[in-house]
Amino acid sequence: MKFDNVMAMTQPYLYILLVILLTVSWFVLCVFYLKSKKQFSLKQDQAKDEIEVQSQQLTVLQSELEANQLLDPLTQVFNRNYFHNNINSVIAEAETIHAMDPDADKTLMFMLVNLADFEEKCKQYGQAVADKMLAEFGQVIKNALSNKDMVIHWRDAVFLVVCKAVSHTNMPFIAERIRSTLAGHDFATQTSHQSKLNFSIGISPHLLHSENQNQTDHHFTLTIADAALHLAKQSQPNMWNILTVNGPNVDLNKLYSTENINNQPDLSIQSSNNTID
């Protein structure tokens with residue numbers, strides 16, 4: 001009887017104690033859950049940050065890889081891949097500039113610069129030294145130009161330069177700046193030894209508009225510049241020729257002699273033998 005009375009008296013307290021235990025347990029579980037959730041969130045944020053950093057590093061590496069693929073390893077100027085990847089957008093930009101101000105008569109200037117002495121320097125100093133001279137030759141050209149201009153190691157000992165937004169009037173002055181800079185530079189050969197180099201330059205303005213649509217293609221401009229280079233090689237060392245297309249009727253099979261060019265009314269030639277005022 002006494003036991004039953006004790007149980008009856010203590011039962012409400014047991015319920016209260018049970019409720020307290022359950023409440024405390026629930027609170028502990030909630031705290032543990034919230035703490036675990038916070039830790040998980042922090043780890044998730046850290047993982048996202050790490051992924052973002054890795055993604056940025058990957059982007060940088062990819063950019064460096066793409067840049068390396070577009071650079072000539074010998075001369076450290078751009079290669080043909082860079083030219084082919086960008087020339088269409090460069091021409092489109094030139095067309096936009098011309099459309100905004102047609103009276104300025106600005107276009108692209110294609111210039112081929114050939115190091116005539118390269119094979120001779122290979123025989124004289126060896127391939128390694130000649131390669132260094134070729135690389136220096138490319139850097140001298142690059143440093144004489146604006147940062148917006150393109151310098152490409154085109155083939156063998158030939159560099160292609162594409163100057164942007166150039167008027168026809170200014171082309172001889174740019175050509176002369178390149179010519180005089182190269183002619184006056186002393187190129188390193190061996191320790192404490194330097195040498196001058198012989199070269200030739202062929203130039204053609206790019207046609208943005210023509211009755212003959214084939215003439216607005218950059219391959220056409222390169223062909224004209226190559227003909228100008230060929231004629232410069234046949235003349236004296238360290239000179240430039242600018243071969244300009246003035247009309248739609250140009251015979252590409254008759255470009256590689258002065259006589260043939262003079263017989264084509266839609267072609268005109270200017271060289272560094274002429275006086276530049």
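See the structure printed just above.
Thresholds applied
- Residues numbered from 1 in each chain as written.
- Predicted model: local features only at pLDDT ≥ 70, side-chain atom pairs only at ≥ 80, totals over all residues.
- Heavy atoms only, no water.
- Salt bridge = Lys/Arg side-chain N within 4 Å of Asp/Glu carboxyl O.
- Helix = DSSP H or I, 4+ residues; strand = E, 2+ residues; numbered from the N terminus.
- Buried < 20%, exposed > 50% of the residue type's maximum accessible area, 1.4 Å probe, protein only.
- Arc of directions from axis to C-beta.
- Contact = heavy atoms within 4.5 Å.
- Expected span 1.5 Å × (residues − 1).
- Pairing = 2+ DSSP bridges.
- Axes fitted to C-alpha atoms, helices over the stretch in contact; angles between N-to-C directions.
- Core = buried A, V, L, I, M, F, W, Y, C linked by side-chain atoms within 4.5 Å.
- Phe/Tyr/Trp six-rings, centres within 6.5 Å; stacked < 30°, edge-to-face > 60°.

1. Some points on the pattern of salt bridges
Within this structure, the stated rule accounts for 4 salt bridges. The salt bridge partner of arginine 155 is aspartate 226, with a shortest N-O separation of 3.0 Å. Taken together, the positions of arginine 155 in strand S2 (residues 150-155) and aspartate 226 in helix H6 (residues 218-234) put the pair 71 residues apart, joining distant regions of the chain. Here aspartate 186 ties to lysine 196 by a salt bridge, and the two come within 3.0 Å at their closest N and O atoms. With aspartate 186 in the loop between helix H5 (171-184) and strand S4 (187-188) and lysine 196 in the loop between strand S5 (194-195) and strand S6 (199-205), this residue pair connects regions lying 10 residues apart in the sequence. Accessibility expressed as a relative area gives 34% for aspartate 186, which makes it partly exposed. On the accessibility criterion, lysine 196 (41% relative accessible area) is partly exposed.

2. Some words on helix H3 (residues 118-125)
Every buried residue of H3 is listed here: Phe118, Lys121 and Cys122. Axial view of H3: buried residues confined to an arc of 105°, hence all on one face. Turned more than 90 degrees away from the buried face of H3, the exposed residues are Glu119 and Lys123. Looking at the buried positions of H3, the neighbouring elements they touch are strand S1 (106-115), helix H4 (127-143) and S5.

3. Section: H6
Here H6 contains 17 residues, and its C-alpha end-to-end distance of 25 Å stays within 8% of the 24 Å for a straight helix at 1.5 Å per residue. Of the residues making up H6, those classed as buried are His218, Phe220, Thr221, Leu222, Ile224, Ala225, Ala227, Ala228, Leu229, Leu231 and Ala232.

4. Digging into the sheet that holds S6
Ordered by their spatial adjacency, 6 strands build an open sheet running S2-S3-S1-S6-S7-S8, and the pairing between neighbours is mixed. One side of each edge strand has no neighbouring strand; the edge strands of this open sheet are S2 and strand S8 (267-271). Averaged over all pairs of adjacent strands, the angle between strand axes in this sheet comes to 20°, irrespective of strand direction. As paired strands, strand S7 (residues 239-245) and S8 are joined by 5 bridges and run antiparallel to one another. Considered in S8, the bridge of threonine 244 is made with serine 268. Across the sheet, helix H2 (residues 80-100) is in contact with S1, S2 and strand S3 (158-167); its angle to S2 comes to roughly 140°. Helix-sheet contacts for H6 involve S1, S2, S3, S6, S7 and S8, and the interaxial angle to S6 is about 145°.

5. Quick word on the nonpolar core
Met109, Met111, Phe137, Ile141 and Leu182 are the most contacted members of the largest nonpolar core, which totals 34 residues. Within the residue set of this core, elements represented by two or more residues are S1, H3, H4, S3, H5, S6 and S7. Setting aside residues no more than four positions away along its own chain, methionine 111 makes contact with Phe159, Leu160, Val161, Ile174, Ala175, Ile178, Ile201, Gly202 and Ile203. Counting residues in each nonpolar core, the second largest holds 20 residues, with Ile87, Val90, Leu112 and Ala225 among its members.

6. Side note on the packing of aromatic side chains
The full count for this structure, using the stated rule, is 6 aromatic pairs. Summarising the aromatic geometry, the rings of phenylalanine 137 and phenylalanine 187 are spaced 6.0 Å apart at their centres and angled 35° between planes, so their arrangement reads as tilted. Placement of the pair is phenylalanine 137 in helix H4 and phenylalanine 187 in strand S4, with a sequence separation of 50 residues. Judged on exposure class, the residue phenylalanine 137 and its partner phenylalanine 187 are both buried. Arranged with centres 6.4 Å apart and planes meeting at 55°, the rings of phenylalanine 137 and phenylalanine 199 form a pair that is tilted. Within this pair, whereas phenylalanine 137 is found in helix H4, its partner phenylalanine 199 is found in strand S6, the two being separated by 62 residues in sequence. Accessibility assignment for this pair places phenylalanine 137 and phenylalanine 199 in one class, buried. Cluster of aromatic residues (ring-pair linked, three or more members): Phe137, Phe159, Phe187 and Phe199.

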